[in-house]
4 protein chains.
Amino acid sequence: MCGVFGVTNTENASKIAYLGLFALQHRGQESAGISCTDENVIHTHRNAGLVSDVFKEEQLVKLEGNHALGHVRYSTAGGNIGANIQPLTARIGGIPVSLSHNGNIVNSDELRTHLENSGAILQATADTELILHIMARSNKATFLEKLMHSFEELCGAFSLLILTPTHLYAVVDACGYRPLSLGKLKSSNGLPSWVLSSETCAMDLVGATFIRDIAPGEILSIELATGERKSHYFNLTAFQSLKRQHAKCIFEHVYFARPDSLVWNILANDARFAMGEALAKNNPVDADMVIAVPDSGVPMAMGYAHASGIPYKIGLIRNHYVGRTFIEPTQNVRNFKVRLKLNPVRETVRGKKVVVIDDSIVRGTTSRKIIELLYEAGAKEVHMRIASPPVKYPCYYGIDTPKRKELLAQIMTPLEMNDHLKSETLAFLSEEQLIAVMQKFQQKPTLQKEEKENGGWCTACFTGNYQDEIAQTKGYAEKREVL
Amino acid sequence: MCGVFGVTNTENASKIAYLGLFALQHRGQESAGISCTDENVIHTHRNAGLVSDVFKEEQLVKLEGNHALGHVRYSTAGGNIGANIQPLTARIGGIPVSLSHNGNIVNSDELRTHLENSGAILQATADTELILHIMARSNKATFLEKLMHSFEELCGAFSLLILTPTHLYAVVDACGYRPLSLGKLKSSNGLPSWVLSSETCAMDLVGATFIRDIAPGEILSIELATGERKSHYFNLTAFQSLKRQHAKCIFEHVYFARPDSLVWNILANDARFAMGEALAKNNPVDADMVIAVPDSGVPMAMGYAHASGIPYKIGLIRNHYVGRTFIEPTQNVRNFKVRLKLNPVRETVRGKKVVVIDDSIVRGTTSRKIIELLYEAGAKEVHMRIASPPVKYPCYYGIDTPKRKELLAQIMTPLEMNDHLKSETLAFLSEEQLIAVMQKFQQKPTLQKEEKENGGWCTACFTGNYQDEIAQTKGYAEKREVL
Amino acid sequence: MCGVFGVTNTENASKIAYLGLFALQHRGQESAGISCTDENVIHTHRNAGLVSDVFKEEQLVKLEGNHALGHVRYSTAGGNIGANIQPLTARIGGIPVSLSHNGNIVNSDELRTHLENSGAILQATADTELILHIMARSNKATFLEKLMHSFEELCGAFSLLILTPTHLYAVVDACGYRPLSLGKLKSSNGLPSWVLSSETCAMDLVGATFIRDIAPGEILSIELATGERKSHYFNLTAFQSLKRQHAKCIFEHVYFARPDSLVWNILANDARFAMGEALAKNNPVDADMVIAVPDSGVPMAMGYAHASGIPYKIGLIRNHYVGRTFIEPTQNVRNFKVRLKLNPVRETVRGKKVVVIDDSIVRGTTSRKIIELLYEAGAKEVHMRIASPPVKYPCYYGIDTPKRKELLAQIMTPLEMNDHLKSETLAFLSEEQLIAVMQKFQQKPTLQKEEKENGGWCTACFTGNYQDEIAQTKGYAEKREVL
Amino acid sequence: MCGVFGVTNTENASKIAYLGLFALQHRGQESAGISCTDENVIHTHRNAGLVSDVFKEEQLVKLEGNHALGHVRYSTAGGNIGANIQPLTARIGGIPVSLSHNGNIVNSDELRTHLENSGAILQATADTELILHIMARSNKATFLEKLMHSFEELCGAFSLLILTPTHLYAVVDACGYRPLSLGKLKSSNGLPSWVLSSETCAMDLVGATFIRDIAPGEILSIELATGERKSHYFNLTAFQSLKRQHAKCIFEHVYFARPDSLVWNILANDARFAMGEALAKNNPVDADMVIAVPDSGVPMAMGYAHASGIPYKIGLIRNHYVGRTFIEPTQNVRNFKVRLKLNPVRETVRGKKVVVIDDSIVRGTTSRKIIELLYEAGAKEVHMRIASPPVKYPCYYGIDTPKRKELLAQIMTPLEMNDHLKSETLAFLSEEQLIAVMQKFQQKPTLQKEEKENGGWCTACFTGNYQDEIAQTKGYAEKREVL
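Residues numbered from 1 in each chain as written. Chains lettered and ligands numbered in written order. Predicted model: local features only at pLDDT ≥ 70, side-chain atom pairs only at ≥ 80, totals over all residues.

## Things to note about the packing of helix H4 (residues 108–117) of chain A against helix H5 (residues 128–137) of chain A
Residues and elements named next belong to chain A.
And then number 1: Two numbers describe how H4 lies on H5: the axes approach to 10 Å, and their chain directions differ by 50°. What the angle tells us is that H4 and H5 run oblique. Note that H4 runs across H5; the crossing there is left-handed. The segment H4 lies against H5, with Ser 108, Leu 111, Arg 112 and Leu 115 engaging Leu 130, His 133 and Ile 134.
And then number 2: Split by residue class, the contact of H4 with H5 holds four nonpolar, two polar and one charged. (Axes fitted to C-alpha atoms, helices over the stretch in contact; angles between N-to-C directions. Helix = DSSP H or I, 4+ residues; strand = E, 2+ residues; numbered from the N terminus. Parallel < 35°, antiparallel > 145°, perpendicular 65-115°, else oblique. Left-handed = near helix turned anticlockwise from the far one by under 90°. Contact = placed C-beta atoms within 7 Å. Nonpolar A, V, L, I, M, F, W, Y, C, P; charged D, E, K, R; others polar.)

Structure follows, in structure tokens:
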């Protein structure tokens, strides 16, 4: 997962981008970078580390220019080597270009082989660089044509921002897996000052107003000199197999997004509260208290408590200084990896029947430790309630889920999982229940009309129904590993 | 504010201390350090930064020995220069000594002048070093006598741990301002393994069991070779003026302690919930929702919601990556210093009457910005409820409160404060109400029998009634500055 | 200027390369790097800084494999940005390749434009990367053919080492501007262990024996598995204009090479002593002592003293800690930039007639300051003698000389220079005299038979007679700037 | 060994001190520091590393004030821990004080024990801190009296600079073991601008003029406000045993001093040339060439060549990038530790009879390797000539010589040493011959009249005749270890 942010026509553009990235820090803590354009030059600074580590006053001051683009990265494909840190920069057709990418290219292996065979020299191991090479090799006349031509060769998830000395482009793949929103900042010189961001919480921080989401298949071009924006749509004939439907990642609402973000125009916090309510209605239990696995579990637990009438209590405390711990397990301290992050409130749970609400179960290791810690702290019964379906299939669209064989739901039924986790009872929200929760939110019809039957959500990690044949094939390949 | 942690008779003592400090990180983020003793040597590593930055595997491995002591520091007196980073080490009477201190020495100026005049060379600007010099200059025969003699010269708050190659000492000043708890770890060699910690949350993390608090005026000595512990009490004739009563800092419960810590045997989370309940009963308001200023306001808001029947909502989101930001205000982004840390959930508060619960008002700048942000986000009415009395007086016992003239309550009545903060209404818990909340908790009589009439709490920051004449005099001096 | 070093079939290959680079450190202090090959992988570590800063035990240990290649860089074309630090690595036709380059590509602008126009994405600003891109785009079948094909497109100076998992290649351009020598190390496994180095001083350090120089236009391939070596020669039809003659950079002997290196089989120290002797015979002067501008001036001054009978004295002391100073000139310290590096020995030169021997005059700023310092120190007369002709033309073959208009000899006659430098007298060795000195050394005929009339030396910086039309054209362009 | 430098009444005092330390860098490469005084404050910056690493523009700019003092340190007593880095600072009698020390306190163990027993807390392991503590504990009324009183308690070598907000003091111990010179800088405001430096080469660099040496037992005080200087002499009754004679370290001339420094008013370069001449007269040999072990051997070899008529050649090249190498010996590279630093010029020495001139033999390991390298390079005969007597006794006055039992001359006669080193012949200058060389230099009588019979030189490292009983006793103790 990554975060992208862009802004045009504002003084202190690098500082606005810095604040934007700061608000998107939860989408990637491994590296950060900002590019600014000033006349015909693009200045870039990027490095491994948190936004506040990578950027100090002196770096921001050097990033001159009124238009900026930024990136925070959580290493997915490609490992965390230096050359993968974004924004990536290159000269394409003599023009300096800077690119920030959130998502994952599904046909990257094929593209990489093809490019290397035709003499390209690739520096990075991540897929983002491939996009630049495909653009550079396009023989189309204009830069916009090169862009459109390139996106037709890419299969997968890409919410992109591209900065040149004359334009800022915002691009979303044909399925619109990842969010990318347009907003507007007050400007001092009469021309509009546009903001583009993976999540709207960054707009709040910089004082911008949300306007709309970038549509699937859209290339929004903003002319820097005038602020004029135009929408273009790229042709998708190259990937005939692709179902041209919206496929919004439902995991953004389950886990990734900050609770104060509007994601596809739904407040993540509200979605989570509603998931908790649905979970209570569909999976009630007799208990003394509802507690949450913080942070995303908190609104879910509040929803569960509200719908069930069981009081919500603070039963697990999260240590926010974790992040960069390293320490190897020692003989005389058990379970400390989870314990470092989460401590049960002994006095609260002792002797009680507790419902624990979490957003999802992936490998199951954390859940198992939490349950063990709660019993050690004196809980009488621990009931696990998960506000999403079992994660059975890998994501090829940008979430760093483990391989299929490491997914607990791949090798166990929910009943077996309950035994394995040693919870008293365990229940999930089903895919239909989760979709039903999301359908209740009245959305403005900002997106393209043709919607998937399920409301246009990608639920491939629960169902294995990927949007394209390449992912489907990868899925089958991993299936064979499991068997 | 600082945190101290100690452990005896355990393999990987440095790693246990590391984990302990990690759990105490909220008590000080500016520096961290650990000393271990191994035979006749004390190994120490300390540096500026978070625990996870200061210590990596290689540092911990070098800290050999089965007995350790650690410190995290939030710069109070003395600025953040290198020589102030604890644990401090010295040779006293030929014996290597390492010391960790939480608190503040009230008569440090007098001691510093006296020491320098008699030829001592002081390296640090903080008060902790003075303790070592006083010990070093004591002409008593035994180390324990030197200790007892030294503490008789110190006025103020000190919860100390002192490690020598043969003993670990835990010391609390005569008023017991700051918590210091004793616990026990499972040991593999038959001898007891003791743990000492500023808060019990560190005991949870390392798997230790809480036993009791160190009493005011107590020197607990633990012989490292045998694990034998003995209590001693030092003589207080040197400070006749001192009221020998327990004076537990009530702000530990209002703000400092982690919610999962037992502080003087009361769960901080429970105390805060009860403060919120009392606040609702004494200061009701007609509103659509109760929201919290995270993190310490959350249980208070839940208590307020519970007692008032008004639903608790998530209305302010805290960005946990703040910590080390630096950026200078820019013209085109207003209020961002608070905004970086707290973002109102626009969709939740829009058009609503909101009660905001916070733990305290010190300078008032944060409260004012929060209220402004909430109105900007569309709130209809913003009612401020504070779960403690107005902070009118500086703390000379270890909390880094500003000078008297910077305290908002010093220059305004609550009504004037409401005007200044631009809240609809503003109300505080009174000192009597706060004390009444704390009295409800049935405590085991672990502490000395003679208790202050108000239950043995220090509320000097609300009342100006300091425990000793030196602080009282300082208070008067600052009063003259205000007038 | 740069230094390259390679070694095959030896344990601790990375350490041998480290030592080799250490001996070549005088050829480049800005960055250092080593690649090792182990099975099908190439491991590389490189960074800005001196060899001893870039490499510590932990880096060398990670560079596994028995074959290594290294580079030290003095920034010439391209500035000192990270992407320029060598060895450069890439995958070419699916094979990992590492490349170290000493020299300068004269047609780099044309190649860069051509590559970017055909869709290549260039990371670095230096010319070395172009070589990799040309190889990657060659449609020849074998790697050796790709190499041969690529070198036909390159005009200029390149002494290269190229490491793949199966071969080490040593390449020298058709004019052989820069030295590259082959040596042999004792090997423990029966197969030969080859060493390649810019200068033989690196062979001395690692205990290798010098065998021969790589010839102009030669590609020497060494099969790593067997140690078998073969010579190939690439076709030069692509650059018809090129005079296919040896054009050894005479400045290597005048200034660059370490005095203990055999450069084209002549000891640099002996060449310099002989230059000093010739200088004395052709430009005698009545003086009390001969002093040197260290370090390369020392053997020249000894030669001058020997031929003239005037005693050689130590009159200027060089501070070897300079290197990385930075300090800005201050009002109250004059001339300190030269003074930091060179201090006249006041007691030695006071009241004396002094002949100062230096290797060359480029901008003239240093010479002027040295003369001023010597007069300030009390010298009665300062006579400047330069062991090479006036530098009138820029070097396009790898030496970082300034632009034509900054060369003192371009705008002044020797007589005008004497006035400008304020020396008593000034004299140079003429080009003919310098060539005559070099001709006296009996060389083994290791190089190709066809030699330039002047013995195969490049003296373009003195004469402006470049070896190819591109350099000739650049020279004319700069001439116009001067006029 | 260390270097000290001070300057008064000049703008950019920190930059002048920086340049001064730069010129003294050869006296200590482990750490560097500068203190400046500005009004009542002393600003200090110091760190491990070379002068050019420790100080960048930003550090120097922060060191405000017109009076500065600096230090470079080569770790002698005390190891290289942070607290030992000078200048040391403290408050003494309420006055901030900064101190730079060159030398070694012989009675430091006794002083340390005494101070610790009386309650002092010592931070550093080096002896310099003791001086501050003794000053701080003096009950004398004025600062100057405290100084005088303190120096009476110190036995050993100390050339000190002490900076307070009102004065700069220069102090030399009663025997004057280490040099400390006074000079004068041009000043812009009418008042004198004084310079104090361990060596005069630093005066040359900053443009100051040498005036005189500080005398043994002298405290020179300079009033910063007026520039007025006064000489005081401290009482030495406390060390009755001390022979009150000048005991100038002859090793400063043999090895330490930069060749362009006047040390006790003798040019080090001239002294070394004369040592070489004397060596040739007393120890002639039939040979083809004289070569030097650089750097201090160069003038000695030139003197030998001049007196013997045998030509001086460059036979060993020193690599000036060594300094901070680290690499562990490897099986396939022999002798590389010396080889990294010194490379024989194979073509020069091959088949020749060579006289090698070095300054001294301490452990003998380097000499042995040099001889081996020369034979490997093809030398026919290698004759070793040493321009000083065998080093048989440890120095307790500031030179970091090894323990007595590690000194080669302690366990072997010169004949045995010749066998051990495998030289053809080996000869030394005797103590009488060395003293005779030094006597020839006509010195101005700047120092106190009463001189030692040998001209006032300390030759204890050759003779074992120390100046005081404590050193004599230490010498005996080490003798017992040898036997």
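Read on, since the account is not over.
## Some thoughts on the interface of chain B and chain D
And then number 1: Each partner contributes residues to the interface: chain B has 13 residues there, and chain D has twelve residues.
And then number 2: Among the elements of the structure, strand E5 (88–92) and helix H5 (128–137) of chain B are those that each provide at least two residues to the side of chain B that touches chain D.
And then number 3: Element by element, the count of residues in the side of chain B that touches chain D is highest for H5 of chain B, at four residues.
And then number 4: Of the residues contributing to the side of chain B that touches chain D, the split by class is six nonpolar, four polar and three charged.

## Quick notes on the UniProt feature "binding site: Mg(2+)" (unreviewed entry) in chain A
Residue and element names in this part refer to chain A.
And then number 1: The feature "binding site: Mg(2+)" (unreviewed entry), as given by UniProt, occupies Ser 296, Asp 358 and Asp 359 in the numbering adopted here. These annotated residues cover 64 residues of sequence, but their C-alpha atoms sit close together, with the largest distance between any two at 7.5 Å.
And then number 2: Looking at where Ser 296 falls in the secondary structure, it is placed in the loop between strand E17 (289–292) and helix H10 (297–308).
And then number 3: Overall, Ser 296 belongs to the buried group, with 24 C-beta atoms counted inside 10 Å.
And then number 4: If we skip the residues at most four places from it in the chain, Ser 296 touches Tyr 255, Arg 272 and Asp 359.
And then number 5: Residue position: Asp 358 is located in strand E20 (residues 353–358). (UniProt positions renumbered as here; feature names shortened; annotations may be inferred. Buried ≥ 20, exposed ≤ 12 C-beta atoms within 10 Å, placed from the backbone.)

## Topic: the domain arrangement of chain A
Size of an interface: often given as the accessible area lost when the parts come together.
And then number 1: Taken domain by domain, chain A consists of domain 1 (2–242) and domain 2 (266–323 + 332–457 + 467–482).
And then number 2: Measuring from the centre of the C-alpha atoms in domain 1 of chain A to the corresponding centre in domain 2 of chain A gives 32 Å. (Domains from an automatic or database assignment.)

## Regarding the packing of helix H9 (residues 268–282) of chain B against helix H10 (residues 297–308) of chain B
Residue and element names in this part refer to chain B.
And then number 1: The contact between H9 and H10 brings their axes to 6 Å, and the two run at 45°. With respect to H10, the element H9 is oriented oblique. For the crossing formed where H9 meets H10, the hand is right-handed. Here Asn 269, Arg 272, Phe 273, Ala 274, Met 275, Gly 276, Glu 277, Leu 279, Ala 280 and Lys 281 of H9 lie close against H10, whose contacting residues are Pro 299, Met 300, Ala 301, Met 302, Gly 303, Tyr 304, His 306, Ala 307 and Ser 308.
And then number 2: Here the contact of H9 with H10 is composed, by residue class, of eleven nonpolar, five polar and three charged.

## Side note on the sheet that holds strand E1 (residues 2–7) of chain B
Residues and elements named next belong to chain B.
And then number 1: In space, the seven strands of this open sheet follow the order E3-E2-E4-E1-E10-E9-E11, with antiparallel pairing throughout. Edge strands, defined here as strands with exactly one partner in the open sheet, are strand E3 (41–48) and strand E11 (209–213). The average angle at which neighbouring strand axes cross in this sheet is 15°, direction not considered. (Pairing = 2+ DSSP bridges.)

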